[in-house]
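Architecture and fold: a report
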Amino acid sequence: MNTKLLINGELIETKEKQAVVNPSTQEVIAEVSVATEKETALALDSCRQAFNGGPWRTFSLKDRKGYILKIAHGILDSAQELAQLESLNTGKPIKEATFMDIPSAAKTFEHFADALESYLVSCDLALSSAAGKAQSSLVREPHGVAVLIVPWNYPLLIASWKMAQALAAGNTVILKPSSLTPLTALKLAQIIRDAGFPQGAVNVLNGPGAAVGEMLCRDRRVDMISFTGSNDVGKQIIGYSSGCVKKMIMELGGKSAGIVLNDADLESAVNGSLCSIFLNQGQMCTAMSRLLVQDKIYDVFLKEFVSKAKRIVLGDGLDFETQMGPLICNAHRQRVLDYVKKAQTQGARLLCGGSVPADGRLRKGFFFEPTVLGEVTGGMQVFREEIFGPVACVTKFSTVEEAIALANGTEFGLAACIWTRDAASARYAASALDAGTVWVNTYGMFYNEVPYGGFKQSGFGKELGREGFLEYTRLKNVLFDAAVDAKPIVNYWYGF
Ligand code: NAD
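Let me begin by describing the structure that accompanies this report.

Procedures and definitions
Residues numbered from 1 in each chain as written. Predicted model: local features only at pLDDT ≥ 70, side-chain atom pairs only at ≥ 80, totals over all residues. Heavy atoms only, no water. Helix = DSSP H or I, 4+ residues; strand = E, 2+ residues; numbered from the N terminus. Rg over C-alpha atoms; globule rule 2.2 N^0.38 Å. Buried < 20%, exposed > 50% of the residue type's maximum accessible area, 1.4 Å probe, protein only. Areas by Shrake-Rupley, 256 points an atom, 1.4 Å probe, with all protein chains shown as cover. Lys, Arg positive; Asp, Glu negative; His and termini not counted. Charge placed at Lys NZ, Arg CZ, Asp CG, Glu CD. Near = heavy atom within 4 Å. Polar contact = N/O pair within 3.5 Å; in protein donor to acceptor, adjacent residues only side chain to side chain. 1 Å grid on protein atoms, 1.4 Å probe; cavity = no way out; pocket = protein on both sides within 12 Å on 5 of 7 lines; lining within 4 Å. Sits in = over half its atoms within 2 Å of the grid points. Nonpolar A, V, L, I, M, F, W, Y, C, P; charged D, E, K, R; others polar. Axes fitted to C-alpha atoms, helices over the stretch in contact; angles between N-to-C directions. Parallel < 35°, antiparallel > 145°, perpendicular 65-115°, else oblique. Left-handed = near helix turned anticlockwise from the far one by under 90°. Contact = heavy atoms within 4.5 Å. Pairing = 2+ DSSP bridges. Phe/Tyr/Trp six-rings, centres within 6.5 Å; stacked < 30°, edge-to-face > 60°. Lys NZ or Arg CZ within 6 Å of the ring centre and 35° of its normal. Points joined across faces, edges and corners; volume = space filled by probe spheres on them. Salt bridge = Lys/Arg side-chain N within 4 Å of Asp/Glu carboxyl O.

**A look at the overall build of the chain**
Helix and strand counts for the chain come out as 15 helices and 22 strands. For 496 residues, the compact-globule estimate of 2.2 N^0.38 gives 23 Å, and the C-alpha radius of gyration of the chain, at 25 Å, lies within 12% of that figure. Sorting the 496 residues of the chain into buried and exposed places 56% on the buried side. Of the roughly 20500 Å² of accessible surface on the chain, a fraction of 53% belongs to carbon and sulfur atoms. Seen as two clouds, the 50 positive and the 51 negative side-chain charges of the chain have centres 2 Å apart.

**A short note on the site of the ligand**
For the ligand, the set of nearby residues contains 29 residues, the closest of which are Val150, Ser230, Tyr240, Leu252 and Glu386. At 3.4 Å from an oxygen atom of the ligand is found a main-chain nitrogen or oxygen belonging to Gly209. Burial of the ligand by the protein chains amounts to 89% of its free accessible area of 850 Å². Here the ligand is seated within the largest pocket. Counting residues per element, the ones that place at least two in the shell around the ligand are helix H7 (209–218), strand S10 (224–228) and helix H8 (231–240). Grouping the constituent residues of the shell around the ligand by class yields 16 nonpolar, nine polar and four charged.

**Observations regarding the packing of helix H2 (residues 61–77) against helix H5 (residues 155–168)**
Remark: H2 packs on H5, axes separated minimally by 10 Å, with the N-to-C direction vectors making an angle of 160 degrees. Overall, the two elements H2 and H5 adopt an arrangement that is roughly antiparallel. Considering how the two elements wind past one another, H2 and H5 form a crossing that is right-handed. Together, Arg64, Ile68, Ile71 and Ile75 of H2 and Ser160, Leu167 and Ala168 of H5 make up the contact between the two elements. Partitioning the contact of H2 with H5 into residue classes produces five nonpolar, one polar and one charged.

**Comments concerning the sheet that holds strand S13 (residues 290–294)**
With respect to topology, seven strands assemble into an open sheet ordered S14-S15-S16-S13-S12-S18-S19, the strand pairing being mixed. The open sheet has two free edges, formed respectively by strand S14 (349–352) and strand S19 (437–440), since each of these has just one partner strand. Here the strands of the sheet are splayed against their neighbours by 25 degrees on average, with no regard to which way each runs. As judged from the three bridges shared by strand S15 (residues 371–374) and strand S16 (residues 391–397), these two strands associate in the parallel manner. Note that in S16 the partner of Val372 across the bridge is Ala392.

**Some words on the packing of aromatic side chains**
Working definition: an aromatic ring pair is given by the centre-to-centre distance plus the angle between the planes. Going through the model one piece at a time under the given rule, you end up with 16 aromatic pairs. Between Tyr67 and Phe197, the aromatic rings sit 5.2 Å apart at their centres with planes inclined by 65 degrees, giving edge-to-face as the arrangement. With Tyr67 in helix H2 and Phe197 in the loop between helix H6 (183–194) and strand S9 (202–204), this residue pair connects regions lying 130 residues apart in the sequence. The buried category is assigned to Tyr67, whose relative accessible area is 19%. Pairwise contacts between aromatic rings join Trp161, Trp439, Tyr443, Phe446 and Tyr452 into one cluster. Above the ring of Tyr154, the side-chain terminus of Lys92 is found at 3.8 Å from the ring centroid.

**With respect to the layout of surface pockets**
Of the volumes computed, that of the largest pocket is approximately 1000 Å³. Mapped by element, the contributors of at least two residues to the lining of the largest pocket are H7, S10, H8 and helix H11 (330–345). Looking at which element gives the most residues to the lining of the largest pocket, the answer is H8, with seven residues. When its residues are assigned to classes, the lining of the largest pocket shows 20 nonpolar, 13 polar and ten charged. The volume enclosed by the second largest pocket comes to roughly 700 Å³.

**Brief notes about the pattern of salt bridges**
Applying the stated criterion across every chain, the model contains 16 salt bridges. Here Lys187 makes a salt bridge to Glu81, at a shortest N to O gap of 3.4 Å. Of this pair, Lys187 sits in helix H6 while Glu81 sits in helix H3 (residues 79–90), and the two are 106 residues apart along the sequence. Residue Lys187 is classed as buried on the basis of its relative accessible area, which comes to 9%. A salt bridge links Glu463 to Lys162; the shortest N-O distance between them is 2.6 Å.

**As for the side chain of Glu96**
Summarising the element assignment, Glu96 is placed in helix H4 (residues 94–119). At 5.4 Å, Lys92 is the nearest oppositely charged side chain to Glu96, a buried residue that forms no salt bridge. Among the polar contacts listed, one links the side chain of Glu96 to the backbone nitrogen of Asn280, at a separation of 3.3 Å.

Right, dumping it as structure tokens:
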């Protein structure tokens, strides 16, 4: 296990250390290096020089692609170790880490390595006016130094999204993982060091957000910040930019709604909705923590949904039989518990779960039962605020218009699902829903080719796809005037 930071091409051990805890058992699994102001400044200098002096941005696109593919191969070569580290550190079921997080991370590097030449193609425009003819070349360039700040729920995957795009675009990068979950980012650092990247092109700094993260975001050597995390921290980072203008991508929280219409295929709506709120212990920005179910199907849907939620197998993340692991830490579990209690005092009906499990096997971890709250209404706190845990809030509605008004009735706009057999209803709802992604009869499908990102308080900017990739570039207009006889007006305005 690598516990060192990556700065200026070297793995560096710091004096300051931090314990990393397994949320399934509360055992300390590692003591990792923590960046202080000194290491943060070193990384900033190194990353800036690596951008200004090259060779990362001056490599041919073919060479750039080759290096990025080395990361993909490194991830695949260490896939088992990475899956174990991710599961140990986050508590997520190893089945999820093995079949989703780790291969998807490798695929993202592969995709952007393969696509970068076609995504970076410049566009030439022929321009003509009374003053003459000109040619404009629109060129995509990297921003420069990109700071990538990621949360604890998908530590390797979200880091890989950002890093693959930023590097493919030619930026040099500093990755800052959440200090709760640094292990796979540090392993990634080792893979990158072993791949022989140019000094300073990639730096990985573990450290507290309020110190290292803030210093990175305020620094003038940084040109771009790509942040995924909570709304509160996102707003703080936007605030820092009042002193130093930077390009930003903000992927923030959500309060997404899954809408189940009367004509939905019951089996796929129930199973898909279970996945949409209980996968990764509900700690997903796109979790459908609100299920809006139409009146005629409400009782039968809820009966099936609750009976299946009760059968979800809780256990140690490392056990292949585990379907749901623990929450990330005790403070977070308490927050989720408080939301459930508050909802009950506000009139919601607890249909299952709602507590710390009594099972002695789970006593040491931060486990929380899969929870379903019925009769949730629009005015309740659990309906409007992000819980980020395994809590489904179910609301009954009569018309599609009512469902859309309910779904849109929060500050967030990250994602939505609609379950129906009627294509016209699906199209109507999709266009009326205020969400950056709308899944129809499915949930959580991400593709490297397709942009993803939220509206409203869920942030701005896209990740993935051509549009997401282009966020990591700046657009330059190079204008050539080839006029010979008809001189452009600026060339003789004062020149008579
Ligand atoms: P968080 O905002 O607490 O932390 C995210 C990252 O920001 C961490 O690396 C943290 O160390 C850093 N940070 C904290 N304070 C900082 C500061 N002042 N300056 C700079 N960096 C700072 O979020 P979290 O608890 O790690 O993750 C959960 C949140 O992330 C949820 O709100 C969830 O919705 C959101 N999330 C969003 C998406 C998305 O794509 N929209 C994806 C995953 C998670």
